[in-house]
Amino acid sequence: FVNFVGVVLEKNKDKLPFAIGEAEKECDLFSGKWVWDESSRPLYEESECPYLLPQQTCQEHGRPDMDYLYWRWQPHNCLIPRFNASLMLETIRGKRMMFVGDSLNRGQFTSLICLIHKVIPDNAKSLHKVDSFTIFTAKDYNATIEFYWAPFLLESNADSPGKHRVPDRIVRKDSIDTHGQHWKGVDIMVFNTYIWWMTGRTFKILNGTFDDNIEDIADVPTEDAYRMAMQNLLRWIKGNMDPKRNRVFFTSMSPSHAWSKEWGGDPNGSCYNETKMIDDPNYWGSDSRKSIMQVIGEEFGKSKVPITFLNITQMSMPRKDAHTSIYKERWGPLSPEERANPVSYADCIHWCVPGIQDVWNELLFAKLFYP
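All values derive from a computational prediction rather than experimental measurement.

Colleague: How do you make sense of unusual backbone geometry when you look at a structure like this?
Modeller: It is generally the case that most residues other than glycine have a negative phi and that most peptide bonds are trans. A cis geometry characterises the amide bond from Arg41 onward to Pro42, with omega recorded as -10°. For the bond from Val353 to Pro354, the omega torsion is 0°, close enough to zero to count as cis. The topology assignment puts Pro354 in the loop between strand 14 (347–351) and helix 8 (356–369). The phi angle at Asp174 is positive, at roughly 50°, despite the residue not being glycine. With respect to the helices and strands, Asp174 occurs in the loop between strand 7 (170–172) and helix 3 (176–180). Phi is positive for Asn273, close to 70°, though the residue is something other than glycine. Here Asn273 shows up in the loop between strand 11 (247–251) and helix 5 (290–300).

Structure (structure tokens):
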């Protein structure tokens, strides 16, 4: 099941843009194991990266242990190419790279900036926010790495980058162009969307527009709603991305670890106080729906444009130790009840940075240059 979606769609035999070499034939970067490595990990220090958000800085917010920082991903049959910040910047000279999706994709975006910014002089780099965009500019390279907030990719009632905590999530049917108009002209795209869809077995789809007085809303199985989104995405990619000039990546679902009973832990526990990995190599948490992976596999299999699938799900599955838990800035002050019970507010969705999302970017780097 690990390779369900295949090594996606690098079935196009022409040389892919940005590639400088080929991976070994037997190499599956996403099948491997975590190896303890104090010599090369972490790839940077938390305090060295000024672009980290307070929702990511676990050490600054009092995390007492550091073991989660020292794990390196080792594929079974090959080595991951060493991340090279200068090569990355030289490659995107005069170009735009964009991450589109939710806060997990924003975490990967921030991690990538942390990986490259040290080779750029302070006066030649900047980060600014405009509406749904967060834009990192490397001035000497005339290049940008951008993040665009669109947790469903389609238009939704959670599209405000600052105020998206809505009780009832609604997505507008076939509305990819609402956000897609802002993605045109990008050279390298990295999409993700998953966690926001997971509100239950069904999902609300709006026919019409959010401006209509009478809202025509259908409650459909979540898999059907997600399939509609993937079909929209593929339509946008086909119409806007040139396989000879552009690259498209899609990052698979990021596992969360909200229920420690699933790995044989405390029946009432979560990722809080977890400092070790899950031992079982076949562990699969209930929050990561295989039915959604199946939808991705079926729909992406129809794509005429090569899409590189970053299958981070299985490799991230054991890493219950790497979440931000309680070591992050929160939306609001803690209630006395929460203070008395940290398990109740531990964030078991997002990840400490530096950490596992740097590894996702090592895999992105490998797939970009050595597909």
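Picking up after the structure, the text goes on.
Colleague: Just checking my understanding: could you explain the state of the cysteines for this structure?
Modeller: Disulfides are covalent bonds that connect the sulfur atoms of two cysteines. Counting across every chain of the model gives 4 disulfides. With a sulfur-sulfur separation of 2.0 Å, Cys27 is cross-linked through a disulfide to Cys78. Torsion about the S-S bond of the Cys27 and Cys78 cystine: about 55°, corresponding to right-handed handedness. In this pair, Cys27 sits in the segment before strand 1 (32–36) while Cys78 sits in the loop between strand 2 (71–75) and helix 1 (85–91), placing the two residues 51 residues apart along the sequence. Comparing Cys27 with Cys78 shows no difference in burial state: the two are buried. Between the sulfur of Cys58 and that of Cys352 lies a disulfide, 2.1 Å long from S to S. The sign of the S-S torsion, about -95°, decides the handedness of the disulfide formed by Cys58 and Cys352: left-handed. Residue Cys58 is found in the loop between strand 1 and strand 2, and its partner Cys352 is found in the loop between strand 14 and helix 8; the two are separated by 294 residues along the sequence. Here Cys58 and Cys352 have matching classes, each one buried. Cysteines bonded in the protein are numbered consecutively along the chain; their disulfide partners then correspond to 1-4, 2-5, 3-8, 6-7.

Colleague: What am I meant to see in the sheet that holds strand 10 (residues 216–221) here?
Modeller: Each strand in a sheet pairs with another by means of backbone hydrogen bonds, the pair being arranged parallel or else antiparallel. Pairing is mixed across the open sheet formed by 3 strands, whose spatial order is 7-9-10. Because the sheet does not close on itself, it has two edges, and the strands there are strand 7 and strand 10. Here the average twist between neighbouring strands, direction ignored, is 35°. The pairing of strand 7 with strand 9 (residues 202–207) spans 3 bridges and is parallel. Along strand 9, the bridge assignment pairs Ile170 with Lys204. On the sheet, helix 4 (residues 222–240) packs against strand 9 and strand 10 and is oriented at approximately 110° with respect to strand 10.

Rules used in this analysis
Residues numbered from 1 in each chain as written. Predicted model: local features only at pLDDT ≥ 70, side-chain atom pairs only at ≥ 80, totals over all residues. Heavy atoms only, no water. Helix = DSSP H or I, 4+ residues; strand = E, 2+ residues; numbered from the N terminus. Disulfide = S-S within 2.5 Å. Buried < 20%, exposed > 50% of the residue type's maximum accessible area, 1.4 Å probe, protein only. Pairing = 2+ DSSP bridges. Axes fitted to C-alpha atoms, helices over the stretch in contact; angles between N-to-C directions. Contact = heavy atoms within 4.5 Å.

By themselves, these observations are geometric and do not establish any function.
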